[in-house]
Amino acid sequence: SSGVSNRPFTMSSSTPATDNEKKKSKGNRSPCSPSRVLHIRQIPSGVTGAEVVSLGLPFGKVTNLLMLRGKAMYWLQAFLEMASVDAAISMVNYYAPATPHLHNQPVYIQYSNYKELRTDNQHNQARPQATLQGVNAVQHGNLGVTSTLAAEGGVLPSHGSVLRVVVENVFYPVTLDVLYQIFSKFGFVLKIIMFHKNNQFQALLQYADAMNAYYAKMSLDGHSIYTGCCTLHIDFSKLTNLTVKYNNDKSRDFTRIDLPFGDGQRTMETSLSTPFATQNTIFPSYTGPPGFAPALGFPQGAVTTSAAPGHMTVPGIPGNSVLLVSNLNPEAITPYGLFILFGVYGDVHRVKIMFKKRGIALVQMADATQAQLAINYLNGQRLYGRVMHATLSKYQTIQLPREGQEDKGLTQDYSNSRLHRFKNPCSKNFQNIFPPSATLHLSNIPPSVTVDDLKKLFTSKGSTVKGFKFFQKDCKMALIQLSSVEEAVHALIELHNHDFGENQHLRVSFSKSTI
């Protein structure tokens, strides 16, 4: 094959690669010198060539593959040849602090002393080569020959091109554009729909081809977008095609620029008319692992690997931390109510309800990340009979009223409030951020307070209690289910920090559970 050395490749399944490598390296260059050929060891015996190739796919084109039996019969080893040394370096650097796993077992990647592979005469390499042919077909857009992967004994499951993505522990914002940037590295993303179901952030994502979906799942499942949070759980959807009615911040059809915006916000960061051929080059100057493109708004190369396996680190999100909140009920809304509600998703520093337009308010969060998180969860939420709209404001900060300026208490400073949930960076609150739900989590309940006391308390605020249960192991905590999400939002505003006396205050948050 073109570009491959004519030197015969002498490895066989009876000659362990590690011994051969040691012999070849004596008197030559250091075994740690970068090479586009990578040695992957301790691969469980059931792993297929397609799964090995998937380790390298996010970093560039894979040009050759050799699979061999290891010293122990239950281990395999492989040699993976990348198209360039730079691609191999990116792959080694990425997996050094984040050990990859195949079939729940860690596998180890290092540079090989071989500069290139030749597998022409390897009679036992038909299946790995068929895998490689299929991968190259996908990378070159020849969707008609991807069936060659079936030569590996049906290693690929029967599936379609639609993935279901569940994101757990969503502390940092996961927008449609963030998903697009990540998943488009594995192929042509046609459509994305985001939604909340069972108190979880979920998305449906459709590729142009089922092989794209397969490699995206293989490479991204179980990884976290940011350190310690936003973990991706990916499986194949039963749907064969997605129907997108609107192009906005919740759904997008990248093949249709004529769709209306609907009720959502229009987001212009990702062009709706992006041609298929350029979807993989949105950030051509990106220097990190190609499988994890920087989210929109991040500086180039800001996404870096952390010491924790499968996690990515984002130094920060530049941007505005002031929200414009509109369509509020002027008869019911107060600065304190907004402080409590938006405080579920970040520390609120200031709130200002417009003096002449009481249905509009500004909410200043501690940083831009928390501001975006609040938008993700609260935009479109019903509050006091109206559908609230939340978006970023043009203002960078909320000015406090000057002395003597008429304000009627509509501007409040909460920057030093004791009710901030996220002041402590080690707080468990970071792991318990959920969308508004009809079920509320109660904590810090005094021992003297009974079930009836709590039911009466919520009923007195206009709530209809549908269910209640104390935690078995900790009676200071309980779940209470109300008749609607809107009712639960009102109750949280009214009763978070409720004083039971003797300096004991009730803590209320949204729960992902149901009763």
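Residues numbered from 1 in each chain as written. Predicted model: local features only at pLDDT ≥ 70, side-chain atom pairs only at ≥ 80, totals over all residues. Heavy atoms only, no water.

If you look the protein chain up in an unreviewed UniProt entry, it shows as PTBP3 protein from Eulacestoma nigropectus.

(A) Up close: empty space enclosed by the protein. For the structure on display, the rule yields two cavities of 30 Å³ or more. By volume, the largest cavity amounts to about 80 Å³. F339, I340, G343, V344, G346, D347, V348, L419, H420, R421 and H496 are the residues that line the largest cavity. Considering only residue class, the lining of the largest cavity consists of five nonpolar, four polar and two charged. (1 Å grid on protein atoms, 1.4 Å probe; cavity = no way out; pocket = protein on both sides within 12 Å on 5 of 7 lines; lining within 4 Å. Points joined across faces, edges and corners; volume = space filled by probe spheres on them. Nonpolar A, V, L, I, M, F, W, Y, C, P; charged D, E, K, R; others polar.)

(B) Region of the structure containing the packing of aromatic side chains. Considering all chains together, one arrives at five aromatic pairs under this definition. Aromatic side chains F339 and Y414 sit 4.1 Å apart centroid to centroid with 10 degrees between the ring planes, which places their arrangement in the stacked category. Here F339, found in helix α7 (residues 335-342), pairs with Y414, found in the loop between β21 (411-413) and β22 (439-443); they are 75 residues apart in sequence, far enough to count as distant. Plain terms: the ring middles of Y345 and Y377 are 4.8 Å apart, the flat faces sit at 20 degrees to each other, and that makes the pair stacked. Taken as a pair, Y345 in the loop between α7 and β16 (348-353) and Y377 in helix α8 (residues 368-378) lie far apart in primary sequence, 32 residues in all. Each member of the pair, Y345 as well as Y377, is classed as buried. Feature note: the residues Y336, F339 and Y414 constitute an aromatic cluster, connected by ring pairs. The ring of F355 has R358 sitting right over it, with the charged end atom 5.4 Å from the ring centre. (Phe/Tyr/Trp six-rings, centres within 6.5 Å; stacked < 30°, edge-to-face > 60°. Helix = DSSP H or I, 4+ residues; strand = E, 2+ residues; numbered from the N terminus. Buried < 20%, exposed > 50% of the residue type's maximum accessible area, 1.4 Å probe, protein only. Lys NZ or Arg CZ within 6 Å of the ring centre and 35° of its normal.)

(C) View of the pattern of salt bridges. This structure, assessed with the given rule, holds seven salt bridges. The shortest N-O distance in the salt bridge between D235 and R164 comes to 3.1 Å. Of this pair, D235 sits in strand β11 (residues 229-236) while R164 sits in strand β7 (residues 162-168), and the two are 71 residues apart along the sequence. Ionic contacts of the salt-bridge type, sharing partners, join the residues R36, E81 and E116 into one network. (Salt bridge = Lys/Arg side-chain N within 4 Å of Asp/Glu carboxyl O.)

(D) Structural context of the pairing of β11. In this structure, β7 lies alongside β11, joined through six bridges in antiparallel fashion. Pairing of V165 across the sheet is with I234, part of β11. Relative to β11, strand β10 (residues 224-226) runs antiparallel, the two being bridged by two bridges. Following the sheet pairing, S224 is matched in β11 by T231. The hairpin formed by β10 and β11 contains two residues between the paired strands, and G228 there has a positive phi angle of roughly 75 degrees. (Pairing = 2+ DSSP bridges.)

(E) Main features of the sheet that holds strand β8 (residues 189-197). Spatial strand order, β10-β11-β7-β9-β8-β12: six strands in an open sheet with antiparallel pairing. The open sheet has two edge strands, β10 and β12 (251-253), and neither has a second partner. When strand polarity is set aside, the average angle formed by the axes of neighbouring strands in this sheet is 25 degrees. The pairing of β8 with β12 spans three bridges and is antiparallel. Note that in β12 the partner of I192 across the bridge is R252. (Axes fitted to C-alpha atoms, helices over the stretch in contact; angles between N-to-C directions.)

(F) The arrangement of the environment of P436 in detail. On the secondary structure map, P436 appears in the loop between β21 and β22. Residues P436 and F510, spaced 74 residues apart in sequence, show a C-alpha to C-alpha distance of 5.7 Å. The contacts of P436, once residues within four sequence positions are left out, are Y345, Y377, L378, Q381, V485, V489 and F510. (Contact = heavy atoms within 4.5 Å.)

(G) Local environment of the nonpolar core. Judged by nonpolar contacts, the single largest core of 83 residues is most densely connected at F183, F342 and L440. For L440, the residues in contact, after removing those within four places along its chain, are F458, A478, L479, I480, L482, A488, A491, L492, V508, S509, F510 and S511. Membership of the second largest hydrophobic core comes to 25 residues, among which are A87, A88, V92 and I109. (Core = buried A, V, L, I, M, F, W, Y, C linked by side-chain atoms within 4.5 Å.)

(H) Expanded view of the confidence of the model for the protein chain. The predicted model of the protein chain has a mean per-residue pLDDT of 75, with 73% of residues at 70 or higher. Per-residue pLDDT, averaged within each element of the protein chain, yields its smallest value for strand β13 (residues 304-305) (30) and its largest for α7 (97). Throughout residues 1-30 the model reports pLDDT below 50, and contacts reaching past four residues in sequence, or to other chains, amount to 55 contacts. A low-confidence stretch, residues 266-318 (pLDDT under 50), is modelled with 128 contacts involving residues beyond four sequence positions or located in other chains. (pLDDT = per-residue confidence, 0-100.)

(I) Up close: the side chain of T231. Of note, T231 is situated in strand β11. Side chain to side chain, T231 and S224 meet in a polar contact 2.7 Å long. Residues contacting T231, with those up to four places away along its chain left out, are V166, V167, E168, G222, H223 and S224. (Polar contact = N/O pair within 3.5 Å; in protein donor to acceptor, adjacent residues only side chain to side chain.)

(J) View of unusual backbone geometry. You will see that Y384, though not glycine, has its phi angle at about 50 degrees, which is positive. By relative accessible area, which is 19% here, Y384 ends up buried. Even without being glycine, N444 reaches a positive phi, approximately 65 degrees. Structurally, the position occupied by N444 is in the loop between β22 and α9 (451-460). Residue N444 is classed as partly exposed on the basis of its relative accessible area, which comes to 36%.

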